[in-house]
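Now for the letters of each chain:
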Amino acid sequence: MIIKSVQTEGNKIIVNGAPATRLLSDRVSTAELSNINAETAMRTLIHDMQAWPCVALGASCGLADKFEAQTSDQTIEEYCEKIAQAVDAGFRLRFDKPNRKLLFEVYKPGESQTVKFSTWFQNVGNLDYCVSTASYKNVAIVAGAGTGDERITVYAGDTASVGIDRREMYVDARQEQQKNDESLEDYKARLVEYGKGKLLEQLRLETLDFDIDSDCVNLGDVVSCIFPELGINAKVRIMGKTITAQNNVTQYSVELGTPVITKRY
């Protein structure tokens, strides 16, 4: 941890710190990176930056993921954050106590197999679940070129749905005209894709928020959560962890990523 500020108020000392990786925000690169092994890219940035006392490369984890986007002209911390997020990886500066060095390492966060969270176990709180189908549509009737009975019309989306499960919307795609070198089949396929894009604007809205008992998880963990009263299971990544110590009492709080529902029953 890096101490960023120290404030004294009477008999209290308030210390503000940040993870050791924050020191990478004081190093800048103009390298243009694209279509490169993610771990190689981050390790190369650390190797090539202006040296920071005690910072060295640790062992490679052998990450095979490739960073396919393009990025340049930023701090080393911003480079690493962007690359790591793109391949669902993490990076850290681990303290090597015997050699008194901070070792830069890339890692792939795993799923916690030992800890599960559930309202059953009373280690989940402030559960808030909302589903809205107010604007939900799952079938698009897309009308393209032509007029009257000659107008070309296709269906897109969940066209097999029937009854109350079928929610239709009309899409005027008159501006999507058939190109001179485009067959009728290809034109209809393009209209279908256009309709699918419009359906993405009319999705069923589902939000799930909750807090978890946070003293037994680590940054980057993916944890499983079970909500029998909702009939759903979810997984969520630990995105941040805060430890507060005051009056000999230590409190933990975590920042959760967006939950992903993995099962319904």
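Everything discussed here concerns the structure shown above.
Keep in mind it's a predicted model, so treat the numbers as computed, not measured.

Thresholds, definitions, all that
- Residues numbered from 1 in each chain as written.
- Predicted model: local features only at pLDDT ≥ 70, side-chain atom pairs only at ≥ 80, totals over all residues.
- Heavy atoms only, no water.
- Pairing = 2+ DSSP bridges.
- Helix = DSSP H or I, 4+ residues; strand = E, 2+ residues; numbered from the N terminus.
- Axes fitted to C-alpha atoms, helices over the stretch in contact; angles between N-to-C directions.
- Contact = heavy atoms within 4.5 Å.
- Polar contact = N/O pair within 3.5 Å; in protein donor to acceptor, adjacent residues only side chain to side chain.
- Parallel < 35°, antiparallel > 145°, perpendicular 65-115°, else oblique.
- Nonpolar A, V, L, I, M, F, W, Y, C, P; charged D, E, K, R; others polar.

A. Just the sheet that holds strand β8 (residues 90-96), in detail. The strand order β5-β9-β8 describes an open sheet built from three strands, whose pairing is mixed. Across the chains shown, the open sheet's two edge strands, defined by having one partner strand only, are β5 (55-57) and β8. Pairwise comparison of adjacent strand axes, ignoring direction, gives a mean angle of 35 degrees for this sheet. Bridge analysis of β8 against strand β9 (residues 101-107) gives seven bridges, and the strand direction is antiparallel. Note on β9: the bridge partner recorded for F95 is L102. Where helix α1 (residues 38-48) meets the sheet, its contacts fall on β5, β8 and β9, and the angle it forms with β9 comes to roughly 160 degrees. Each of β8 and β9 touches helix α2 (residues 76-86); the most contacted strand, β8, lies at about 125 degrees to it.

B. The arrangement of the side chain of E77 in detail. Its location among the elements puts E77 in helix α2. Here R22 takes part through its side chain, which lies 3.3 Å from a polar atom of the side chain of E77. Sequence-distant contacts of E77, that is, excluding residues within four places in its chain, are made with T21, R22, L24, S25 and F91.

C. A look at the packing of α1 against α2. Running from N to C, α1 and α2 cross one another at 175 degrees; their axes reach a closest spacing of 10 Å. As the angle between them shows, α1 and α2 are arranged roughly antiparallel. The residues of α2 that touch α1, namely those facing A38, A41, M42, L45 and I46, are I76, Y79, C80, I83 and A84. Residues of the contact of α1 with α2, tallied by class, amount to 10 nonpolar, no polar and no charged.

Note that all results are geometric; they support no functional claim without further evidence.
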